[in-house]
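# Analysis of the macromolecular model
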Amino acid sequence: MRPRTAVIPVAGLGTRFLPATKAMPKEMLTVVDKPLIQYAVEEALAAGIERIIFVTGRGKEMLADHFDYVPELEGALRERKREGLLQQIRSLVPTPGCLLFTRQNEPLGLGHAVWCARHLVGDLPFAVLLPDDLVWPKEGAPPIMQQMCDEFEHQHHSMVAIMTVAQKETHKYGILDPVAQADTTGRLVQAKGLVEKPAPHDAPSRLAIIGRYILRPEIFDLLGQKKTGAGGEVQLTDAMALLMQDHPLYGFRFQGTRFDCGDKVGFQMANLALALEQHEMRERLLPFLHEQLTHWTAQTSP
Ligand code: UTP
């Protein structure tokens, strides 16, 4: 059985990206030529997800509009015979009824945002994708959520995507505490605990959780207790740690590169990396990058 429903929480305030996110949702920030939300929706659909639930907040209406038809624009493109572009924007609109919306009235944390989707998710395993984590699959590998759903079909356990981070970075992530004999080099790593944002000297490992999950519906009862954790927010990691007392949970090592697009530097990296993937952009960008490198190396060398 594969997850058929995905939750995409988009109700956060995006404070790390102010002032850009003052009036515009963080998820509409553009990497090369697509907003972050589009990468997440395309990834979910590629994994075979049939229903996508956006947990939105005030001022996020633009996200729904992005996945709707725009008759005026389409008419203009048709008149100008821009068929390619027309097809591109029309293909963005998912099958009617596939996108569902609910609101998180206050940004009380990621765990609370996921809980807001409980009635729409129902009683089956579901995926969660955080659009500010953009994951570019390794060449030849499927998109990350597809990798996870394929794995889930075999073992049916809750799963979180993980990557190895530097020890000094552990305070930025939920960190997985692997079971003693866990094979920490293989694809799946069984967890015996999870710790949200531990200081480097307290971190049980360097295996950091990133924004892709497949969860069992039992998580909703735990999230419903609304216990606050790190940062005074209802943390998804804390509820997963409780869920693990009754149900096994695995870290999943994905094949690909993750960019933290909620962070200004991570966002620039994503733009550069994805632009360089395209031949035409690469031709124009590489000479510019060489020039910049020479300039800044000269400026910063003693
Ligand atoms: P982040 O912590 O990265 O998002 O949450 P944020 O709060 O918007 O950003 P900063 O830290 O202030 O810059 C990860 C994901 O969880 C959603 C966000 O929209 C993002 O997709 N989220 C977070 C919610 O939907 N509700 C919340 O209360 C918190």
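The structure reproduced in this document is the subject of the present report. The structure presented is a predicted model; accordingly, all values stated were derived computationally and were not measured. (Residues numbered from 1 in each chain as written. Predicted model: local features only at pLDDT ≥ 70, side-chain atom pairs only at ≥ 80, totals over all residues. Heavy atoms only, no water.)

What follows deals with the nonpolar core. Formed by 36 residues in total, the largest nonpolar core has its most connected members in I8, I37, I52, F54, M145, M148 and F254. Counting only elements with at least two residues in this core, the list comes to β1 (5–9), α1 (36–46), β4 (51–56), β6 (126–129), α7 (144–155), β8 (158–164), β11 (207–215) and β12 (249–253). Ranked by residue count, the leading element in this core is α7, at five residues. Ignoring sequence-local partners within four residues, the contact set of F254 consists of V135, I144, Q147, A161, I162, M163 and I210. Formed by 32 residues, the second largest nonpolar core is a distinct cluster that contains I53, V55, W115 and L176. (Core = buried A, V, L, I, M, F, W, Y, C linked by side-chain atoms within 4.5 Å. Buried < 20%, exposed > 50% of the residue type's maximum accessible area, 1.4 Å probe, protein only. Helix = DSSP H or I, 4+ residues; strand = E, 2+ residues; numbered from the N terminus. Contact = heavy atoms within 4.5 Å.)

For the rest of this paragraph, the subject is the side chain of D260. Along the chain, D260 falls in strand β13 (residues 256–260). A polar contact of 3.1 Å, which involves the side chain of D260, links it to the backbone nitrogen of G262. Among all residues touching D260, those that are not within four sequence positions of it are R16, D132, D133, G266 and F267. (Polar contact = N/O pair within 3.5 Å; in protein donor to acceptor, adjacent residues only side chain to side chain.)

On to the pattern of salt bridges. In the structure shown here, the tally under the stated rule is 15 salt bridges. Here R16 makes a salt bridge to D260, at a shortest N to O gap of 3.4 Å. Residue R16 is found in the loop between β1 and β2 (30–31), and its partner D260 is found in strand β13; the two are separated by 244 residues along the sequence. R16 gets classed as partly exposed once you look at its relative accessible area, which sits at 46%. What you see here is one network of salt bridges that share partners, running through R2, D150 and E153. (Salt bridge = Lys/Arg side-chain N within 4 Å of Asp/Glu carboxyl O.)

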